[in-house]
Every structure is written in C-alpha cells, then in structure tokens.
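Report on the structure
So you can see what is in the structure, the chains are spelled out below.
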Amino acid sequence: MSDPLGVPVPDGREAKPVIELRDVVRTYPGSPPVHALRGIDLVVRQGEHLSIVGPSGSGKSTLLHTLGLLDRPTSGTYRLGGVETTELGDAQRAVLRGSRIGFVFQSFHLLPHRTVEENVMLAELYHRPPAGTSRSSRRKRALAVLDRVGMGHRAGFRPVRLSGGERQRVAIARALLTEPEILLCDEPTGNLDTDNTAVILDLFDELREQGVTLLVITHDGEVSRRAGRSVRINDGVLRAERG
Ligand code: ADP
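Residues numbered from 1 in each chain as written. Predicted model: local features only at pLDDT ≥ 70, side-chain atom pairs only at ≥ 80, totals over all residues. Heavy atoms only, no water.

**As for the site of the ligand**
What surrounds the ligand is the set Tyr28, Val34, Ala36, Pro55, Ser56, Gly57, Ser58, Gly59, Lys60, Ser61 and Thr62. One of the side-chain nitrogen or oxygen atoms of lysine 60 is found 2.9 Å away from an oxygen atom of the ligand. Elements with a minimum of two residues in the shell around the ligand: strand 2 (34–45) and helix 1 (60–67). Of the residues forming the shell around the ligand, the biggest block, three residues, is contributed by helix 1. Residue composition of the shell around the ligand, by class: four nonpolar, six polar and one charged. (Near = heavy atom within 4 Å. Polar contact = N/O pair within 3.5 Å; in protein donor to acceptor, adjacent residues only side chain to side chain. Helix = DSSP H or I, 4+ residues; strand = E, 2+ residues; numbered from the N terminus. Nonpolar A, V, L, I, M, F, W, Y, C, P; charged D, E, K, R; others polar.)

This is how it looks when you write it as structure tokens:
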C-alpha cells in the first residue's frame, strides 16, 4: 500500500506530513528586488526521500535556508512537524531547528584537529545538552550514531585519514546525533566519486527505512533518481518532476 507520493503507509493511512509549505514567497529587497521563491507549495511526508533539482540561481539555497529555519518567508506559511513557524521568535525557531533538523553539506565541515568521535560529540554542544549530561554518556551516543553509519571503527581517526565518502558518513552521523526527523542535504555527494556516492546513497536508503525524512539538493541525475520523488525549481517556481 502506498499513498500518491509513493510513500509506504501502514493500514492504508497516509504518513504524516513533516513539512508543509503554502504559497511561500521570498523576495530579497533591492532595486530591483529579487523574487527568489515565487509561491512554493510543498508537502513532504515522514519517511520520504525527496530530491530537489534546478540550475544555479533558481532558488535552491533560499528554499533550503527557509526549510532549515535559517531564513523567513516574505509571505506564506511553513508548518514543520505540525508547528507553524513563520510567527515564532528566533529562540523558538532555534529550538525547533535543533530538535527536528539535521544538516548535511557538500564539504563535510569536519574539524581537522579533532577525532571523528569528537567531531560528532561537538554537534551536541551546539544544541546545549541538558545540564548534567556527562562526557561519557555523550561519547556513548556519538559511538552509537557512528555505528549506525558504519563508522564506529574509525572513531579515533582524524578526518584527514578518511576517504571523502567516510568523511560524509561522519558528517551524517553528526547530523543524526540529536535524532532529527529530517535531514536537509545540500549537494551531499558533490565532492564524491561514483563509488563513494553509491555508499552514501545506500546509507540514505537505510535511514529512510528507519523513518528519517530526506530532502536532498543535487545536480547529479543518479542521486536524484534514487530519491522516491523529485521536484524541480526554476526561477523560484517549484514543479513536480517525478513521483
Ligand atoms: P541557487 O541556490 O539555486 O543557486 P539561490 O537561492 O542562491 O539559488 O538564489 C536565488 C536568487 O536569489 C538568485 O537570483 C540570487 O542572486 C538571489 N539571491 C540569493 N541570495 C540573495 C541575497 N542575500 N540578496 C539578494 N539576492 C539574493
């Protein structure tokens, strides 16, 4: 059984929407103003793997920043996990972002002088762990999430000793540490060769099966094909491409 978006659904019920954009407009002021997003409607359900494709300058980064609560729409609404976000203050948005969204970037952003394990543990510091969270329990969580991406055996390595694919797996582990429902990925395989890209795509499949919702901006046709659904953005307008 699957819903019209191709998402497997238990007992005929639709998977719940985790992202709902309605008529989202983002205009950068200036003369002339830039209409980066022009009335975007998008619903993404839990456990979906969606790819977002489009040429340079089409609005992909603006959309990603909006979805990641790093930018606010000029108009329109954005519900994240059922919470309307556009009226929230910055602090509330930061809490929501920290609890629900993990970010994955093209260039990994690992600290070179820290071990793999430390790089993952540092993610939690940014999200202010509850007082009393011991280093040993943080370390345990970091190792668990490294095991989840098949990198537990490299916990003591520095990033420079890892392949690109391994670095990206560590970056994905870091993004998963706070157990977000959604991973926002910006060209996650842009720095990887075909073999390493395949490993990351297999990992995406596993994460999706575990219920993680994946949104992946990509230029790579193969990466886009592996997503369950694909949308294309052109000049700030979003259209369904596949699925
Ligand atoms: P993409 O990620 O697809 O390359 P962007 O979202 O970065 O596209 O940009 C969409 C449009 O908005 C482009 O025309 C870009 O020049 C413009 N733009 C992006 N950021 C800003 C900004 N801070 N101020 C003004 N214009 C911007």
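Back to the write-up after that little detour.
**Quick word on the sheet that holds strand 2**
The strand order 2-1-4-5 describes an open sheet built from four strands, whose pairing is antiparallel. One side of each edge strand has no neighbouring strand; the edge strands of this open sheet are strand 2 and strand 5 (83–84). Pairing of strand 1 (residues 17–28) with strand 4 (residues 75–80), which is carried by five bridges, proceeds in the antiparallel orientation. Pairing of isoleucine 19 across the sheet is with leucine 80, part of strand 4. The strands touched by helix 1 are strand 1, strand 2 and strand 4; relative to strand 1, the strand with the most contacts, the crossing angle is about 125°. (Pairing = 2+ DSSP bridges. Contact = heavy atoms within 4.5 Å. Axes fitted to C-alpha atoms, helices over the stretch in contact; angles between N-to-C directions.)

**So, the confidence of the model for the protein**
When pLDDT is low, close inspection of the predicted coordinates is not appropriate. Across the protein, the average pLDDT comes to 92, with 92% of residues at 70 or higher. Every residue in residues 1–6 is under pLDDT 50, and counting partners more than four places away or in other chains gives 15 contacts. (pLDDT = per-residue confidence, 0-100.)

**A word on helix 1**
Within helix 1, six of the eight residues are buried, which leaves the element mostly enclosed by the surrounding structure. For helix 1, the set of buried residues is Lys60, Thr62, Leu63, Leu64, Thr66 and Leu67. Just downstream of helix 1 lies leucine 69, where phi reads positive at about 60°. (Buried < 20%, exposed > 50% of the residue type's maximum accessible area, 1.4 Å probe, protein only.)

**So, helix 4 (residues 135–148)**
In this model, helix 4 (14 residues) spans 20 Å end to end at C-alpha, consistent with the 20 Å of a helix rising 1.5 Å per residue. Regarding helix 4, the residues found buried are Arg138, Ala142, Val145 and Leu146. One side of helix 4 holds all its buried residues, which, seen down the axis, span an arc of 105°. Seen from the open side of helix 4, the exposed residues pointing more than 90 degrees away from its buried face are Ser136, Lys140 and Asp147. (Expected span 1.5 Å × (residues − 1). Arc of directions from axis to C-beta.)

**Considerations on the packing of aromatic side chains**
Scanning all chains against the criterion turns up one aromatic pair. Between phenylalanine 103 and phenylalanine 105, the aromatic rings sit 6.2 Å apart at their centres with planes inclined by 5°, giving stacked as the arrangement. Accessibility expressed as a relative area gives 30% for phenylalanine 105, which makes it partly exposed. A cation over a ring is seen here: arginine 161 above phenylalanine 157, with NZ or CZ 4.0 Å from the ring centre. (Phe/Tyr/Trp six-rings, centres within 6.5 Å; stacked < 30°, edge-to-face > 60°. Lys NZ or Arg CZ within 6 Å of the ring centre and 35° of its normal.)

**Description of the pairing of strand 7 (residues 182–186)**
With respect to burial, strand 7 is a largely interior element, four of its five residues being buried. Of the strand pairs in this sheet, strand 6 (residues 101–105) and strand 7 are connected by five bridges, and their pairing is parallel. Its bridge partner lying in strand 7, glycine 102 is registered against leucine 183. Here five bridges tie strand 7 to strand 8 (residues 213–217), and the two strands are oriented parallel to one another. Counterpart to aspartate 186 in the pairing with strand 8 is isoleucine 217. The β-α-β motif built from strand 7, the intervening helix 6 (residues 194–209) and the parallel element strand 8 has right-handed crossover chirality. (Right-handed = clockwise from strand over helix to strand, strands pointing away.)

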